[in-house]
Amino acid sequence: MSVTQVPFGTTRDGSKVTLLRITNSMGCYLELLDYGCTVHALSVPDRDGRLTDVTLGYDTLGEYEEHDDAYLGAAVGRHANRIAEGKFTLNGHEYTLAKNNGENHLHGGIHGFDKYIWSYTVSGDDSVTFSRLSPHGEEGYPGNLRVSITYSFTRECSLEIDYRAESDADTVVNLTNHSYFNLAGRGTVHSHLLQIYADFFTENDGGCLPTGRILEVTDTPMDFRQPKEIGAKIDADWEQLWSVGGYDHNFVLSDPSGLKKAAVLFCPDTGIVMTVHTTMPGVQLYTANALTPRKGKNTARYKERSGVCLETQYFPNAMVCHNFPSPVLKAGEVYSHRTIYSFTAK
Ligand code: BGC
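Only a predicted model underlies this, so the values are computations on that prediction, with no experimental measurement involved.

1. Points about the sheet that holds strand β19 (residues 210–216)
Within a sheet, neighbouring strands are paired by backbone hydrogen bonds and run either parallel or antiparallel to one another.
Link 1 in the chain: Strand order in this open sheet of five strands is β19-β18-β21-β24-β27, and the pairing throughout is antiparallel. Edge positions in the open sheet fall to β19 and β27 (309–313), since each of these has one partner strand only. Along the sheet, successive strands turn relative to each other by an average axial angle of 30 degrees, direction set aside.
Link 2 in the chain: Strand direction decides the pairing type here: strand β18 (residues 198–204) and strand β21 (residues 248–253), joined by three bridges, are antiparallel.

2. Topic: the site of the ligand
Link 1 in the chain: By nearness alone, every residue bordering the ligand is listed as Asp 69, Tyr 71, Asn 81, Arg 82, Leu 106, His 107, His 178, Asp 248, Gln 284, Tyr 286 and Glu 311.
Link 2 in the chain: For the ligand, an oxygen atom lies 2.9 Å from a polar atom in the side chain of Arg 82.
Link 3 in the chain: His 107 places a polar side-chain atom, nitrogen or oxygen, 3.0 Å from an oxygen atom of the ligand.
Link 4 in the chain: Contact with the protein chains covers 93% of the free accessible surface of the ligand, which is 310 Å².
Link 5 in the chain: Among the residues forming the shell around the ligand, the class breakdown is three nonpolar, four polar and four charged.

3. Quick notes on the environment of Lys 228
Link 1 in the chain: Structurally, Lys 228 can be placed in strand β20 (residues 228–229).
Link 2 in the chain: Separated by 88 residues in the primary sequence, Lys 228 and Gly 140 place their C-alpha atoms 41 Å from one another.

4. Let's talk about the sheet that holds strand β14 (residues 158–167)
Link 1 in the chain: Strands sit in the order β11-β12-β13-β14-β29-β23-β22-β17-β20 across an open sheet of nine strands; the sheet is antiparallel. Looking along the sheet, the strands with just one partner apiece sit at the ends: β11 (119–123) and β20.
Link 2 in the chain: When strand β22 (residues 260–266) meets strand β23 (residues 272–278), the two strands line up antiparallel, connected through six bridges. Within β23, the position partnered with Val 264 by the bridge is Thr 275.

5. Considerations on the packing of aromatic side chains
Link 1 in the chain: Here the structure, examined in full by the defined rule, presents 13 aromatic pairs.
Link 2 in the chain: Ring geometry for Phe 8 versus Tyr 64: centroids 6.3 Å apart, planes at 65 degrees, classification edge-to-face. Of the two residues, Phe 8 is situated in strand β1 (residues 2–10) and Tyr 64 in helix α1 (residues 61–66); the sequence distance between them amounts to 56 residues. The residues Phe 8 and Tyr 64 share a single accessibility class, namely buried.
Link 3 in the chain: Joined through ring pairs, the aromatic side chains of Phe 8, Tyr 58 and Tyr 64 make up one cluster.
Link 4 in the chain: The ring of Phe 266 carries Lys 346 above its face, with NZ or CZ at 4.6 Å from the centroid.

Calculation notes
- Residues numbered from 1 in each chain as written.
- Predicted model: local features only at pLDDT ≥ 70, side-chain atom pairs only at ≥ 80, totals over all residues.
- Heavy atoms only, no water.
- Pairing = 2+ DSSP bridges.
- Helix = DSSP H or I, 4+ residues; strand = E, 2+ residues; numbered from the N terminus.
- Axes fitted to C-alpha atoms, helices over the stretch in contact; angles between N-to-C directions.
- Near = heavy atom within 4 Å.
- Polar contact = N/O pair within 3.5 Å; in protein donor to acceptor, adjacent residues only side chain to side chain.
- Areas by Shrake-Rupley, 256 points an atom, 1.4 Å probe, with all protein chains shown as cover.
- Nonpolar A, V, L, I, M, F, W, Y, C, P; charged D, E, K, R; others polar.
- Phe/Tyr/Trp six-rings, centres within 6.5 Å; stacked < 30°, edge-to-face > 60°.
- Buried < 20%, exposed > 50% of the residue type's maximum accessible area, 1.4 Å probe, protein only.
- Lys NZ or Arg CZ within 6 Å of the ring centre and 35° of its normal.

Okay, here's the thing in structure tokens:
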């Protein structure tokens, strides 16, 4: 195992960005940027031992900055996904957040965690911890929040992400990673088989905001309890899908507590299997519906459905839908969550 560091360009405002590569003894590697704690590349073996980069990204920092609304590989926060009308009430006080998705707040706002260059420390030969202080009032959130995100890459090709945060005032925290996976390394993800360990999903309104209703997946295109091709029902004439252009929904994981299996993704072409474990209660299945045609890494061309995100999280809009698990972090308490993406081939 080893960790190497190389420059990865300069932001528009003149700050230097570093690429860190963690390589394991099989020659597989994870590449990270300190810009947005971004997963830039994740190279794992297919069934014939050939390395395949299974995440979407760009060749240059300029492209990450230009297309910042896609959040390719980034850490998102303070609050992943949407909060209706960019406001919430906590301890009787109404907080107003930045609105960056029509009337709503999305992925931490105009200048969310994905757009900062984070400090980092390298631990041993297999992990990197990024940290930053998100000041009181940032994008409208209360409390000075100390955040750290540790990425480890194991000998067995697992990407382990540990999130930790503490605030000096009650606040809201819901951190995730926005990697788009494509286990073929090209094309769309329609033929990938997906299994999600969820009997229920949260209903969206036409603006992709959870309404608060929790619906059964049974007899709907949301039923991924057995492995199913992502493309099998994606274009079904069903309002939940066509209103958001594909899958863009939060699944209610059947086991709400502890570190448990959330999803399995399999690519029949390469044989690569990705298994997701998380301590979070939900996972957002997002099929890159808004990924307009563009150039990606190494001459790749991306478009809608070129990748699939499995964003582990508290349910979106939970500050408005009070029946959802609460993303409130009390002053002095520790936010601690873990998500693992592990890779094998068959
Ligand atoms: C959201 C989508 C959004 C995408 C890119 C996903 O997490 O659920 O609605 O378009 O991120 O911003």
